[in-house]
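Here is what each chain is made of, one letter per residue.
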Amino acid sequence: GYLPGWARLADLYRNEPSRSGDYLDAARQLVRLSPREATAYGYLAEACMKNDRRDEAREALRQAVVLEPGYQFATESLFQILTEDGDDAGVEELAETLTRSARETGLMMAMGLAAAKEDRVRVIGLIADLMKSPDVNKEKGDEVFGKIEKLFGFKDESLQTALRDLCAEGDVNPLAGRYLIGEVWRKKGHTGCEEALGSVDKNKPLWAAAAGRYLEILAAEKPKELPRFIDKNADALGEDTETWASVGYHLTNMADHSRMVSWFSGWENRTGVRPWMLWNYTIVLRRWGTTDIADRINRAALDLPYDDTVNLHLTSAGLAAFGRGEVNEAKALFANINQIGMTEWDLFFFNLLADAVAAAELAANGDKASARSVTDGIVDNAVRHNPKQAERIAKDAVQGVLGTLLGLIGEPLYKLKVKAKFFYYSLG
């Protein structure tokens, strides 16, 4: 009956440096009350590290991994401690344990260890095992391949050969195509990459993953080649939703209006579309002044499977609603936003909506002096963020908010003052 209470105490103490001793006591109680729960040992390990009890932390992490090999905090923290301690045998034991029960994590850990030992043969063997697994995390795979590619110099084609052989087998994780393109680019540039893409064009998932990586490379290294590749392979790139989204992302950076409109046409009929695939498109649409289309897409994104960009779509939809005078709708949208993880640019719009909702509520309650004060803050923030009103998205959002707020406050002289301030700063 005491377990929830100790868990709450642990959460309260863990971010308070002055309560590290109390955190350790709470974590020990969690382990006592729930000895088969991996996260209890995770708490204990973290508390031990905060109290300079490194050996105890390591043992707690070992126990957590035994109980739940897929517990990411425990596996990554234990790997870090063992690596820092130079305990190669411990790392090997951990990788072997994970390979049996959390296969992909264990294989990538073993690859990192083999790379550190410059054991190229072992690395290639582990890559073959990993690429035959259907569940490989792309971000983690990119990280480990970034480390191992340094082992294979310009004249060493063994990694490229191994990846080509895997791709030729057909029954491999599509990421094999992604890593093949990365290796071919290092050695043979874009001519080699297009030949490699041709070699896997009969396997659509493999080709899509390879083409997605090639798009990234061209955008970073040969941006002038990107439109040619997209136009040449438009049908194939459009068949897979992931590569379709990747092309869309790169087109937004190119700011080619006609090409973008054509590419995104009919997106509603695609399967597997997710909110992040549409976010950058809505930004470009707003920069072009086609806010009505952007708003419809923001709204539609809210009905797609959730990802973090839903909070950005909610913010844009909320500001658009507020600008139309739909204050209650804006409030409802704002209430569902989680701003954690937003960039500074995103937070400007989130805070704009937050202040707009607050000022509207003050005005509705008759406290117009406070509503003016919040509105003044909106004006000051807008001037700091966009002093010459050159950024169209910010300018339109602020003008929409102020148009509604000034109508709610209803004071002509105050309205004139706000407009004069913006005009003054727009002159630079």
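These lines cover the structure that appears in this document, whether it is placed above or below. Since we're looking at a predicted model, the values are computed, not measured.

Time to look at the overall build of the protein. Counting its secondary structure elements, the protein contains 24 helices and zero strands. With the C-alpha coordinates of the protein rotated into their principal frame, the extents come out at 75 × 65 × 40 Å. Here the protein holds 428 residues, and the buried ones make up 44% of them. Taking as baseline every contact in the protein between residues at least 6 positions apart, the subset at least 24 positions apart corresponds to 59%. Carbon and sulfur atoms make up 50% of the accessible area of the protein, which totals about 21,800 Å². For the protein, the distance from the average position of its 53 positive side-chain charges to the average position of its 64 negative side-chain charges is 4 Å.

This part covers the nonpolar core. Judged by nonpolar contacts, the single largest core of 95 residues is most densely connected at Ile127, Met131, Leu237 and Trp244. By residue number, the principal contributor to this core is helix α11 (residues 175-199), which donates ten residues. In this structure, Ile127 is in contact with Met111, Phe145, Ile148, Leu159, Leu163 and Leu166, ignoring residues within four places of it in sequence. Formed by 41 residues, the second largest nonpolar core is a distinct cluster that contains Leu352, Ala359, Val379 and Val398.

One pass over the full model with this rule turns up nine aromatic pairs. A centroid spacing of 6.5 Å and a plane angle of 90° characterise the contact between Tyr23 and Tyr43, whose relative ring orientation is edge-to-face. Here Tyr43 lies in helix α3 (residues 38-50) and Tyr23 lies in helix α2 (residues 20-33), a separation of 20 residues in the sequence. Tyr23 gets classed as buried once you look at its relative accessible area, which sits at 0%. Judged by centre distance (3.9 Å) and plane angle (5°), the ring pair of Phe145 and Tyr179 falls under stacked. Linking Phe145 in helix α9 (residues 138-148) with Tyr179 in helix α11, this pair joins segments that are 34 residues apart in sequence. Side by side, Phe145 and Tyr179 carry an identical accessibility label, which is buried. Among the aromatic residues, ring-to-ring pairing joins Trp244, Phe264 and Tyr281 into one connected group.

Glancing now at the side chain of Thr404. Of note, Thr404 is situated in helix α23 (residues 392-409). Excluding its chain neighbours within four sequence positions, the residues that come into contact with Thr404 are Phe322, Gly323, Gly325 and Val327.

On to the packing of helix α5 (residues 72-84) against helix α6 (residues 88-101). Put simply, α5 and α6 touch, their axes get as near as 9 Å, and they point 155° apart. By the angle between their axes, α5 is roughly antiparallel relative to α6. Handedness of the α5/α6 crossing: left-handed. Here Thr75, Leu78, Phe79, Leu82 and Thr83 of α5 lie close against α6, whose contacting residues are Gly90, Val91, Leu94 and Leu98. Considering only residue class, the contact of α5 with α6 consists of six nonpolar, three polar and no charged.

Of note in this structure, Asp52 is not a glycine but carries a positive phi near 60°. Along the chain, Asp52 falls in the loop between α3 and α4 (54-67). Even without glycine at this site, Glu118 takes up a positive phi of about 60°. Mapping Glu118 onto the fold places it in the loop between α7 (103-116) and α8 (120-130). For Glu118, a relative accessible area of 51% corresponds to the exposed category.

Thresholds applied
Residues numbered from 1 in each chain as written. Predicted model: local features only at pLDDT ≥ 70, side-chain atom pairs only at ≥ 80, totals over all residues. Heavy atoms only, no water. Helix = DSSP H or I, 4+ residues; strand = E, 2+ residues; numbered from the N terminus. Buried < 20%, exposed > 50% of the residue type's maximum accessible area, 1.4 Å probe, protein only. Contact = heavy atoms within 4.5 Å. Areas by Shrake-Rupley, 256 points an atom, 1.4 Å probe, with all protein chains shown as cover. Lys, Arg positive; Asp, Glu negative; His and termini not counted. Charge placed at Lys NZ, Arg CZ, Asp CG, Glu CD. Core = buried A, V, L, I, M, F, W, Y, C linked by side-chain atoms within 4.5 Å. Phe/Tyr/Trp six-rings, centres within 6.5 Å; stacked < 30°, edge-to-face > 60°. Axes fitted to C-alpha atoms, helices over the stretch in contact; angles between N-to-C directions. Parallel < 35°, antiparallel > 145°, perpendicular 65-115°, else oblique. Left-handed = near helix turned anticlockwise from the far one by under 90°. Nonpolar A, V, L, I, M, F, W, Y, C, P; charged D, E, K, R; others polar.

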